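# A closer look at the structure
Residues per chain are reported as follows:
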Amino acid sequence: MIRRRVKVFAPASISNLGPGFDVLGIAVRRPGDIVTAERTREPGFTFTLQSADPRIPASARENVAGHVALLMLEEIRPPFGIRLTLHKKMPLGSGLGSSGASSVASAVAVNALLSKPLPKYELLRFAVEGERKASGAPHADNVAPSLLGGLCLIRSYDPLDVLQLPVSNRIIWIVVHPDMVVKTKEARALLPGTLPLQTAILQWGNVSGLTAGLISGNDLCLKKCIEDNVAEPVRARLIPGFEEVRRSSLRAGALGCSISGSGPSLFAVTTAIRLADSIAGAMVRTFRRTAGVRCDVYISKVNRDGATVRSV
Ligand code: HSE
C-alpha cells in the first residue's frame, strides 16, 4: 500500500531510569509529538513548524525534525517531494525526550511515505542524528523507546545495537515535569569524564538489578536499584527542590525516584495503582513548596507501541 499522507505520533520517553545513563529508556503513553507529512509531485522538502514556543527552531536545517527528514531524503532520494509539519506538543528541555520524539516522528513519517519503507529499526540511525543536532551527543536512550516502544537497552553505540527487553506491566510510571528548563547539552557537560572503579561497580550492579526488576516487576529489585551514582549527584543541583521531591515520593510509597533523562522532570515508580495519584500529588506539592513551580503530571504504564502511523 502506498501512503500519500500520514500522521505520526511519537511518545515521550524516560531515559537513564536512574543508573542506566545513556543505556536504558522506556516509552510512556503521554505526552508526545505529532508529525504530518505528504508526498508532493514536485521534488524537494518543505518544513513547517506548528508551535507556540518561539525557542523552537522553525527552519528545516535547524529543527531536529527537519534535519532528520533531510538526512533521510538526501540518502534515499525518492522520486517525489515531501511536505512535512511538526506539531510540537512537548515542552523543550523537559527530560521527557522532546527532541527524540520530534526526530522519531519525522523519521517514521518520511519512511511511511516511501514506496519501500525501511524496517522500523533502521530508522534509529537517522533519529540519533536529531539527538546529535540537539545536544551534541547521538544518545539513543530516548529515540529507541520512542521509536520501538517498551524498554530499550542500548547495548553498544559503535556499532549501534539496541535490545528491546520485555517489561512488566505491573509497573506504573509517574512523571512530574516542573515548569523549568534544563538543556541536555549543559547537563551533559557536568558529567565526569572518568569514574573510579568502585563507582562503576556500584553502577553496573544497579543497572543489572534494575533491568531484572523492570523485566520481572519485582518490587525489591526496583526499590534497591533505582540509584544513580554517576549523573544524579552532579545534575541534582540543576533542579531546585530535587532532593525534597525525591524524598516526598518515597514517603508517599514510591519504590524509587530519579531524574528523567537530563531533567528537570523526575520519574517515580510503583506497582500499587492506588498509590500513583498520591505519589504524584506529593511530588507536585513539594516542587511548589520548595521551588515555587507548577508541574504537569503524566501517569501511565509502559507504551509498547512506540511511534505509530496512520494514513490521513
Ligand atoms: N541519556 C541522556 C542524558 C538523556 O542523560 O544526557 C537526555 O535526555
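Here, the structure is the one placed above.
Residues numbered from 1 in each chain as written. Predicted model: local features only at pLDDT ≥ 70, side-chain atom pairs only at ≥ 80, totals over all residues. Heavy atoms only, no water.

A word on the overall build of the protein. When helices and strands are tallied, the protein shows 10 helices and 11 strands. If one aligns the C-alpha atoms of the protein with their principal axes, the spans along those axes are about 60 × 40 × 40 Å. Looking at the protein as a whole, 58% of its 312 residues qualify as buried. Considering only contacts in the protein between residues 6 or more positions apart, those separated by 24 or more positions represent 74%. (Helix = DSSP H or I, 4+ residues; strand = E, 2+ residues; numbered from the N terminus. Buried < 20%, exposed > 50% of the residue type's maximum accessible area, 1.4 Å probe, protein only. Contact = heavy atoms within 4.5 Å.)

A few words now on the pairing of strand E8 (residues 256–259). Summarising the sheet, E8 and strand E9 (residues 266–270) pair through 4 bridges and their orientation is antiparallel. From the neighbouring strand, Ser258 faces E9, where its bridge partner is Phe267. (Pairing = 2+ DSSP bridges.)

Turning next to the packing of aromatic side chains. A complete count under the given rule lists 1 aromatic pair for this structure. Judged by centre distance (6.1 Å) and plane angle (40 degrees), the rings of Trp173 and Phe267 are tilted. Pair noted here: Trp173 is in strand E7 (residues 172–178) and Phe267 is in strand E9, with a separation of 94 residues, a long-range link. We classify Phe267 as buried; its relative accessible area is 0%. Of note, Arg39 hangs over the ring of Phe80, and the distance from its end group to the ring centre comes to 3.9 Å. (Phe/Tyr/Trp six-rings, centres within 6.5 Å; stacked < 30°, edge-to-face > 60°. Lys NZ or Arg CZ within 6 Å of the ring centre and 35° of its normal.)

What follows concerns helix H2 (residues 98–113). In a regular helix each residue adds 1.5 Å, so 16 residues correspond to 22 Å; H2 covers 23 Å between its end C-alpha atoms and thus fits that length. In terms of residue burial, H2 counts as a mostly covered element, since 15 of its 16 residues are buried. (Expected span 1.5 Å × (residues − 1).)

It is worth spelling out the nonpolar core at this point. With 70 residues, the main nonpolar core has Leu17, Phe45, Ile82, Leu84, Trp173 and Leu214 as its most contacted residues. Sort the elements by how many residues they give to this core and H2 lands first, with 9 residues. In contact with Leu214, not counting residues within four places along its chain, are Leu17, Leu151, Pro166, Val167, Ser168, Ile171, Trp173 and Leu222. Val176, Cys257, Ala280 and Val293 belong to the second largest nonpolar core, which has 23 residues in total. (Core = buried A, V, L, I, M, F, W, Y, C linked by side-chain atoms within 4.5 Å.)

Topologically, Thr36 is positioned in strand E2 (residues 24–40). When its relative accessible area of 11% is taken as the criterion, Thr36 is described as buried. Along the primary structure Thr36 and Leu148 are separated by 112 residues, whereas in three dimensions their C-alpha atoms are 19 Å apart. Among all residues touching Thr36, those that are not within four sequence positions of it are Arg5, Val6, Lys7, Arg83, Leu84, Thr85 and His87. At 3.0 Å, the side chain of Thr36 and the side chain of His87 are in polar contact. (Polar contact = N/O pair within 3.5 Å; in protein donor to acceptor, adjacent residues only side chain to side chain.)

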